[in-house]
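Structure at a glance
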There are 2 protein chains.
Amino acid sequence: MTATQNSLNELTAAKDEFVTSWGALGSAWGINRTLAQVHALLLLANEPLTTDAVMKELKISRGNANSSLRELAGWGLIRGLVKKGERKEHFEAEKDIWKIFGIVIGERKRREVVPALQVLRRCEERTKALKGDDAKSVHGFLQDLRQFMEMGEKIMQRVEHSQKGLVMPLVFKFMR
Amino acid sequence: MTATQNSLNELTAAKDEFVTSWGALGSAWGINRTLAQVHALLLLANEPLTTDAVMKELKISRGNANSSLRELAGWGLIRGLVKKGERKEHFEAEKDIWKIFGIVIGERKRREVVPALQVLRRCEERTKALKGDDAKSVHGFLQDLRQFMEMGEKIMQRVEHSQKGLVMPLVFKFMR
DNA sequence: TTATACTTTCAATAATTACTGAAAATTCAA
DNA sequence: TTGAATTTTCAGTAATTATTGAAAGTATAA
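Residues numbered from 1 in each chain as written. Chains lettered and ligands numbered in written order. Predicted model: local features only at pLDDT ≥ 70, side-chain atom pairs only at ≥ 80, totals over all residues.

Things to note about the overall build of chain A
Helices and strands together make up the secondary structure of chain A, namely 7 helices and 3 strands. Seen in sequence order, chain A has helices and strands lined up from the N terminus as α-α-β-α-α-β-β-α-α-α. Computed over C-alpha atoms, the radius of gyration of chain A comes to 22 Å, more than 25% over the 16 Å expected from 2.2 N^0.38 for 176 residues, which places it beyond the range of a compact globule. Structurally, chain A occupies a C-alpha span of about 80 × 45 × 30 Å along its principal axes. In chain A, which comprises 176 residues, the share counted as buried stands at 26%. At a minimum sequence separation of 6, the contacts of chain A that also span at least 24 residues come to 49%. (Helix = DSSP H or I, 4+ residues; strand = E, 2+ residues; numbered from the N terminus. Rg over C-alpha atoms; globule rule 2.2 N^0.38 Å. Buried ≥ 20, exposed ≤ 12 C-beta atoms within 10 Å, placed from the backbone. Contact = placed C-beta atoms within 7 Å.)

Here's the deal with the interface of chain A and chain B
Taken together, the contact pairs 44 residues of chain A with 44 residues of chain B. Sorting the residues of the side of chain A that touches chain B by element identifies α1 (3-28), α2 (33-44), α5 (97-128), α6 (133-160) and α7 (164-175) of chain A as the ones contributing at least two each. Examining the composition of the side of chain A that touches chain B, we find that 13 residues originate from one element, α6 of chain A, more than from any other. When the residues that make up the side of chain A that touches chain B are grouped by side-chain class, the tally is 24 nonpolar, 7 polar and 13 charged. (Nonpolar A, V, L, I, M, F, W, Y, C, P; charged D, E, K, R; others polar.)

Focus: the protein's contact with DNA strand C
Surrounding DNA strand C, one finds 19 residues, the nearest of these being Thr34, Gly63 and Asn64 of chain A together with Gly63 and Arg87 of chain B. Elements with a contribution of two residues or more to the surface near DNA strand C: α2 and α4 (62-75) of chain A together with α4 (62-75) of chain B. At 5 residues, α4 of chain B tops the list of elements feeding residues into the surface near DNA strand C. When the residues that make up the surface near DNA strand C are grouped by side-chain class, the tally is 1 nonpolar, 10 polar and 8 charged. (Near = placed C-beta within 6 Å.)

Overview of the sheet that holds strand β2 (residues 78-82) of chain B
Residue and element names in this part refer to chain B. With antiparallel pairing, 3 strands are arranged side by side in an open sheet as β1-β3-β2. Edge positions in the sheet fall to β1 (49-50) and β2, since each of these pairs with one other strand and no more. With 5 bridges connecting them, β2 and strand β3 (residues 89-93) associate as antiparallel partners. Bridging from a neighbouring strand, Leu81 pairs with His90 of β3. Packed on one face of the sheet, α4 meets β2 and β3 and runs near 110° to β2. (Pairing = 2+ DSSP bridges. Axes fitted to C-alpha atoms, helices over the stretch in contact; angles between N-to-C directions.)

Thoughts on the relation of the copies chain A and chain B
You can overlay chain A on chain B at an RMSD of 0.0 Å; the transform is a turn of 180° with a shift of 0.0 Å along its axis. Here the transformation between the copies is reduced to the relation of a two-fold axis. Taking the C-alpha atom as reference, chain A places Gly30 of chain A closest to the rotation axis, 2.0 Å from it. Interface overlap between copies: 100% of the residues of chain A at the interface are likewise at the interface in chain B, consistent with a symmetric, same-surface contact. (Least-squares fit on C-alpha atoms with pLDDT ≥ 70 in both.)

Things to note about the protein's contact with DNA strand D
Taken together, 19 residues form the shell around DNA strand D, and within it Gly63 and Arg87 of chain A together with Ser61, Gly63 and Asn64 of chain B come nearest. Those elements that provide at least two residues to the surface near DNA strand D are α4 of chain A together with α2 (33-44) and α4 of chain B. Sort the elements by how many residues they give to the surface near DNA strand D and α4 of chain A lands first, with 5 residues. Of the residues assigned to the surface near DNA strand D, the class counts are 1 nonpolar, 10 polar and 8 charged.

Considerations on the packing of helix α5 (residues 97-128) of chain B against helix α6 (residues 133-160) of chain B
Residue and element names in this part refer to chain B. In the contact formed by α5 and α6, the axes pass within 9 Å of each other and the chain directions differ by 160°. In terms of orientation, α5 and α6 fall into the roughly antiparallel class. Helix-helix and strand crossings are classified by hand; for α5 and α6 the assignment is left-handed. The residue makeup of the contact of α5 with α6, split by class, is 14 nonpolar, 7 polar and 8 charged. (Parallel < 35°, antiparallel > 145°, perpendicular 65-115°, else oblique. Left-handed = near helix turned anticlockwise from the far one by under 90°.)

Some details on the pairing of strand β3 (residues 89-93) of chain A
Residue and element names in this part refer to chain A. In this sheet, β3 lies alongside strand β1 (residues 49-50) in antiparallel orientation, the contact comprising 2 bridges. Across the sheet, the residue bridging to Leu49 is Phe91, located in β3. What sits between strand β2 (residues 78-82) and β3 in their antiparallel hairpin is a turn of 6 residues, with Gly85 showing a positive phi close to 85°.

Some thoughts on α2 of chain B
Residues and elements named next belong to chain B. Compared with an ideal rise of 1.5 Å per residue, which puts 12 residues at 16 Å, α2 spans 17 Å between its outermost C-alpha atoms and is within 8% of the ideal. Burial runs high along α2: 10 of the 12 residues are buried. Every buried residue belonging to α2 is among Leu35, Ala36, Gln37, Val38, His39, Ala40, Leu41, Leu42, Leu43 and Leu44, and all of these are buried. (Expected span 1.5 Å × (residues − 1).)

Structure below.
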């Protein structure tokens, strides 16, 4: 085996390890394992990949590859582009980790935090005028939680549009 | 129906809505739906609840109630206590939202972020000395991601031990 | 002790979620 | 147009995850 081949294998092995563990991390945070793996694959790819390439690399079906790529594109984490002279669509990932994080935070805010806040506000309202110690303490807790989540929503809003250069100084302030 | 009954029903309905939607939110973030519901139930309870009370309220089996309560206790989100003169164990939830958030963040850091960082460091190391543009860019990305996650780990570390009074001033600074 | 109340475990089962693959739809060059 | 290339859909199936419930285990009062 040549030195170049060895190097290639080692690179492939390291990529594989990353793809696998990124998938596991994703599923711990409620993101479909395969989706996270497809994302990881594109994050490490040095050129845009076709659906067929993704299928082959991850050993998944066409349907699965297609829907994963569509969903990632829906999140804005990857974009499709058509190479001149080719029919197939090629996909490339956003690789700026600050942008990636901002996108994910922003989407989760929209999809989960905002709806949860609506429920919370309604529950808070429903318990507002009720009599009795039980009702009072329930209402108090809901109020605390709602306030806390509104703060979280605002922070996520900020992070969504943040840049590395903008956030880092504040992080340092927080960390000192 | 009396005014008191009406009030009780309305309180129960509001509680139910919260329990249900808290379960949904949890499962979106990779936390078992029932676990989140048990937690929500205890968060709104005005007194410690027994396993049987949880079973009855949520219409779940003894095994499920028991293991959910154990897991929540393992996270440190609830504690068991034995009322004098009673055999049954009663459970009560930590209700300070800042503490709750700190616990959850701390646990997820330990369980997911720290192990993910280990993988990341290993991948980074494996690609460090490899030749070729592909290897270089892969290594560069892994480096960025590792640095980003180390920052995240440190922030989670801070939040884990944070108090409302300590964090709020910094949040204001961030939000301004 | 011993009987009883209570808790835990875990094999079997149910419910949910993810994936496949082939057919249908779409796109595009000729 | 036509038809080959490509993408999308989705019914059927597989894999995973969650739940039940009864038996085994444990603790406690008498």
